[in-house]
Amino acid sequence: MTCDDVRIRLLDYQRGRLPHSAQGEVRAHLDECPGCARADAVEQELTSVLEHRLPQHPASLALKRRLAAQWAAPTAEPSWWNRWRPSLVPAFAVAAVVVAATPVLYYERAASRAASERAGMVGEAVNDHLRVLTSQHPLDVESGGFHQVKPWFEGRLDFAPVVPFEGDADFPLKGGAVGYFRDRKAAVFVYARRLHPISLLIFRADGLAWPGRDLTRIGPVEAYATAERGFNVIMWRRGELGYALVSDVDARELRQLAARMAGGP
Ligand SMILES: [Zn+2]
């Protein structure tokens, strides 16, 4: 199991909801991987704070007064407040800890989720590229002509892909196919650089966990550039569309291509 596999299963693991074998695999990974072990501890702590430490049904002040009034009054007794105070102090202390600790834990959990969702988007882009590489018939429409490929998508997608680069002698367009990116359809344009295929995925950008940090400016857009499993990946969004460029050509050349694509209309 990879770290991503483990992170998305942590909650189920902690609740014992995974199949027996997966439960064992996650446990084995946590024994080996300090990063995931820490994420596991953070999840557990937050769950515990949320489920057990918050007062479940705090009594109203009126109820407390009523209870206090019903107590048999011994002579020279302490006031109701003095009776209650010792039992309230720990509750206040716990509440203070909760108030102080919860945002930190939320932040850590949110940050670790954002990181794994970002990794998920990059992984999906690489998988889509691998599908193109390994498929017997990777391209639904094969052509060197942009004006044959682009109209071919009409009616096959639920959005209009905006492709600002038609291909040229350095990066010729090889064809296109309909693919999927996560839960949505994607237009896949395949270019080449010498013998290296390059996939450009275009899909609706809404509802995805776009990286908000570690961005680099490429032309007019803030792009996220990274590498995974030997492939360079550059992702950006423009208007309502998201773009992912994936290839094993070197990072500098892929950036040049991304700049031309992002710089178009
Ligand atoms: Zn790990």
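Parameters at a glance
- Residues numbered from 1 in each chain as written.
- Predicted model: local features only at pLDDT ≥ 70, side-chain atom pairs only at ≥ 80, totals over all residues.
- Heavy atoms only, no water.
- Phe/Tyr/Trp six-rings, centres within 6.5 Å; stacked < 30°, edge-to-face > 60°.
- Buried < 20%, exposed > 50% of the residue type's maximum accessible area, 1.4 Å probe, protein only.
- Lys NZ or Arg CZ within 6 Å of the ring centre and 35° of its normal.
- Helix = DSSP H or I, 4+ residues; strand = E, 2+ residues; numbered from the N terminus.
- Expected span 1.5 Å × (residues − 1).
- Arc of directions from axis to C-beta.
- Axes fitted to C-alpha atoms, helices over the stretch in contact; angles between N-to-C directions.
- Left-handed = near helix turned anticlockwise from the far one by under 90°.
- Contact = heavy atoms within 4.5 Å.
- Nonpolar A, V, L, I, M, F, W, Y, C, P; charged D, E, K, R; others polar.
- Pairing = 2+ DSSP bridges.
- Donors = N, O, S within 2.8 Å, 3.2 Å for Na, K, Ca; no water.
- Tetrahedral: all angles 85-135°; square planar, octahedral: opposite > 155°, others 65-115°.
- 1 Å grid on protein atoms, 1.4 Å probe; cavity = no way out; pocket = protein on both sides within 12 Å on 5 of 7 lines; lining within 4 Å.
- Points joined across faces, edges and corners; volume = space filled by probe spheres on them.
- Domains from an automatic or database assignment.
- Salt bridge = Lys/Arg side-chain N within 4 Å of Asp/Glu carboxyl O.

> An account of the packing of aromatic side chains is needed here, citing residue identities and associated values.
For any pair of aromatic rings, geometry is given as the distance between the ring centres together with the angle between the planes. Inspection of every chain in the model, using the stated rule, returns six aromatic pairs. Pairing Trp152 with Phe153 gives two aromatic rings, centres 5.1 Å apart and planes at 80 degrees, and the pair type is edge-to-face. Exposure remark for Phe153: the relative accessible area of 2% places this residue in the buried category. Among the aromatic residues, ring-to-ring pairing joins Trp152, Phe153 and Phe189 into one connected group. When the ring centre of Phe171 is taken as origin, the NZ or CZ atom of Arg193, which lies over that ring, is 5.2 Å away.

> Go over helix H1 (residues 3-14) with me, naming the residues and quoting the values.
The end-to-end C-alpha distance of H1 is 16 Å, a good match for the 16 Å that twelve residues give at a rise of 1.5 Å each. Here H1 has its buried residues at Val6, Leu10 and Tyr13. Seen along its axis, H1 keeps its buried residues to an arc of 90 degrees; they face one direction. A positive backbone phi angle near 65 degrees is found at Gly16, which sits one or two residues after H1.

> A description of the packing of H1 against helix H2 (residues 20-32) should follow, citing residues and the corresponding values.
Taken N-terminus to C-terminus, the directions of H1 and H2 make an angle of 115 degrees; their axes are 10 Å apart at the nearest point. For the crossing formed where H1 meets H2, the hand is left-handed. For the pair H1 and H2, the contacting residues are Cys3, Val6, Arg9, Leu10, Asp12 and Tyr13 in the first and Gln23, Val26, Arg27, His29 and Leu30 in the second. In terms of residue class, the contact of H1 with H2 is built from six nonpolar, two polar and three charged.

> Tell me about the sheet that holds strand E6 (residues 221-228), and name the residues and values.
Spatial ordering of the open sheet is given by E1-E2-E3-E4-E8-E7-E6-E5, a layout of eight strands whose pairing is antiparallel. Bordering the open sheet on either side are strand E1 (141-142) and strand E5 (216-218), each of which pairs with just one other strand. Bridging between strand E3 (residues 184-193) and strand E4 (residues 196-204) involves eight bridges; their strand directions are antiparallel. The partner of Ala192 across the bridge, within E4, is Pro197. With respect to the sheet, helix H7 (residues 251-263) is in contact with E3, E4, E5, E6, strand E7 (231-238) and strand E8 (241-247), its orientation differing from that of E7 by roughly 15 degrees.

> Break down the pairing of E4 for me, citing the residues and quoting the values.
Counting the residues between successive antiparallel strands, the hairpin from E3 to E4 contains two residues, one of them, Arg194, with a positive phi of roughly 50 degrees. Two strands pair when backbone bridges link them, and E4 and E8 are joined in this way by seven bridges, in the antiparallel orientation. Bridged to Phe203 within E8 is Gly242.

> Tell me what's going on with the coordination of the zinc ion, and back it up with residues and numbers.
Every protein donor of the zinc ion is listed here as Cys3 (SG), His29 (NE2), Cys33 (SG) and Cys36 (SG), and their distances to the metal cover 2.0 to 2.3 Å. Around the zinc ion sit four donor atoms, and with donor-metal-donor angles ranging over 103 to 113 degrees the site reads as tetrahedral.

> With reference to specific residues and values, describe the layout of surface pockets.
Computed from the structure, the largest pocket encloses a volume of approximately 260 Å³. As for the largest pocket, its lining consists of 15 residues, of which Arg7, Glu43, Arg109, Ser112 and Arg113 are closest to the centre. Of all the elements in the fold, those that place two or more residues in the lining of the largest pocket are H1, helix H3 (34-53) and helix H5 (80-134). With six residues, the top contributor of residues to the lining of the largest pocket is H5. By volume, the second largest pocket amounts to about 220 Å³. For the lining of the second largest pocket, the secondary structure elements donating two or more residues are H1 and H5. Examining the composition of the lining of the second largest pocket, we find that six residues originate from one element, H5, more than from any other. Per-class residue counts for the lining of the second largest pocket are two nonpolar, four polar and six charged. The two domains that each donate at least three residues to the lining of the second largest pocket are domain 1 (3-118) and domain 2 (138-263).

> Talk me through the pattern of salt bridges; I want residue IDs and the actual numbers.
This model, assessed by the stated rule, comprises 13 salt bridges. Arg131 is paired through a salt bridge with Asp128; the nearest N and O atoms lie 2.4 Å apart. Taken together, the residues span about one helical turn, with Arg131 and Asp128 both in helix H5 at a distance of three residues. Looking at Arg131, the relative accessible area reads 45%, which means it is partly exposed. When the shortest N-O distance is used, the salt bridge between Arg193 and Glu253 registers 2.8 Å. Of this pair, Arg193 sits in strand E3 while Glu253 is found in helix H7, placing the two residues 60 residues apart along the sequence. Connected through shared salt-bridge partners, Asp168, Asp170, Arg193, Arg194, Glu253 and Arg260 make up one network.

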